[in-house]
Amino acid sequence: MKPKILLADDSPTIRRLVAQTFADGSFEIVEVSNGEAAIKAFEEARPSIVLADIYMPGKNGYEVCSYVRSHSTLGATPVVLLVGAFDAFDEGVAQGAGATANITKPFEPAALIELVKSLVSA
């Protein structure tokens, strides 16, 4: 069974970029456009890793991360926060939410692949 990425980002461009980055088929990608949809999809998708934008309508990436950490059986799932180059990133809030890592958008596809593979194989 292929590892699964739950991608939560309100930008269609970022969702398309991530899909193209993993177009080799090594990962299955479940895409949602906001934090509420990510929380709803999390239980059913049972992802190997979550990529969540810190600024989305409704629930943001920090809140999605907190939800993942509070989950009784899937709470150890790695969560990578996606941070826009000009977004204010709060390291303290990220740590408090239990984020595994963060990456700045736009990112180099190779850097995202390396980060995701290192966290999924860990």
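The text that follows walks through the structure, step by step, so that each part is easy to find.

Quick notes on the rules
Residues numbered from 1 in each chain as written. Predicted model: local features only at pLDDT ≥ 70, side-chain atom pairs only at ≥ 80, totals over all residues. Heavy atoms only, no water. Pairing = 2+ DSSP bridges. Helix = DSSP H or I, 4+ residues; strand = E, 2+ residues; numbered from the N terminus. Axes fitted to C-alpha atoms, helices over the stretch in contact; angles between N-to-C directions. Core = buried A, V, L, I, M, F, W, Y, C linked by side-chain atoms within 4.5 Å. Buried < 20%, exposed > 50% of the residue type's maximum accessible area, 1.4 Å probe, protein only. Contact = heavy atoms within 4.5 Å. Polar contact = N/O pair within 3.5 Å; in protein donor to acceptor, adjacent residues only side chain to side chain. Parallel < 35°, antiparallel > 145°, perpendicular 65-115°, else oblique. Nonpolar A, V, L, I, M, F, W, Y, C, P; charged D, E, K, R; others polar. Expected span 1.5 Å × (residues − 1). Arc of directions from axis to C-beta. Salt bridge = Lys/Arg side-chain N within 4 Å of Asp/Glu carboxyl O.

## What about the sheet that holds strand S4 (residues 79-84)?
Spatial ordering of the open sheet is given by S2-S1-S3-S4-S5, a layout of 5 strands whose pairing is parallel. Among the strands making up the open sheet, the edge pair consists of strand S2 (28-32) and strand S5 (101-105). When the angles between neighbouring strand axes are averaged without regard to direction, this sheet yields 20°. Note: strand S1 (residues 4-8) against strand S3 (residues 49-53), 4 bridges, orientation parallel.

## Re the nonpolar core
Within the largest apolar cluster, 20 residues are counted, with the highest numbers of intra-cluster contacts made by Leu-6, Val-50 and Leu-81. When residues in this core are grouped by element, the largest group, 4 residues, is from helix H3 (residues 61-70). Counting residues in hydrophobic clusters, the runner-up holds 17 residues, among them Ile-49, Leu-51, Val-80 and Ala-101.

## Considering helix H2 (residues 35-45)
Three or more residues of H2 are buried, namely Gly-35, Ala-38, Ile-39, Ala-41, Phe-42 and Ala-45. The secondary structure elements touched by the buried residues of H2 are S1, S2, S3 and H3. The backbone nitrogen of Glu-36 has a side-chain oxygen 3.1 Å away, supplied by the residue at the start of H2, namely Asn-34.

## Structural notes on the packing of helix H1 (residues 12-21) against helix H5 (residues 109-121)
Relative orientation of the contacting elements H1 and H5 amounts to 70°, with a least axis distance of 10 Å. By the angle between their directions, the pair H1 and H5 is classed as roughly perpendicular. For the pair H1 and H5, the contacting residues are Leu-17, Val-18 and Thr-21 in the first and Pro-109, Leu-112 and Ile-113 in the second. Residues of the contact of H1 with H5, tallied by class, amount to 5 nonpolar, 1 polar and no charged.

## What to know about H5
Helical geometry note: an α-helix holds 3.6 residues per turn, so side chains three or four residues apart project in the same direction. Between the first and last C-alpha of H5 there are 18 Å, a value that for 13 residues agrees with the 18 Å anticipated at 1.5 Å per step. Taken residue by residue, H5 has Leu-112, Leu-115, Val-116 and Leu-119 as its buried positions. The buried residues of H5 all sit within an arc of 95° when viewed along its axis, so they share a single face. For H5, the exposed residues set more than 90 degrees away from the buried face come down to Ala-110, Glu-114 and Ser-121.

## Considerations on the pairing of S3
The element S3 is largely enclosed, with a buried count of 5 among its 5 residues. Residues Ile-49, Leu-51 and Asp-53 of S3 are buried on one face, and the alternating residues Val-50 and Ala-52, pointing to the opposite face, are buried as well.

## What to know about the pattern of salt bridges
In this structure the tally under the stated criterion is 4 salt bridges. In this structure, the salt-bridge partner of Lys-105 is Asp-53, at a minimum N-O distance of 3.2 Å. Remark: Asp-53 occurs in strand S3 and Lys-105 occurs in strand S5; sequence separation between them is 52 residues. The two residues Lys-105 and Asp-53 agree in class, both being buried. Beyond isolated ion pairs, a larger network of salt bridges with shared partners links Asp-9, Asp-53 and Lys-105.

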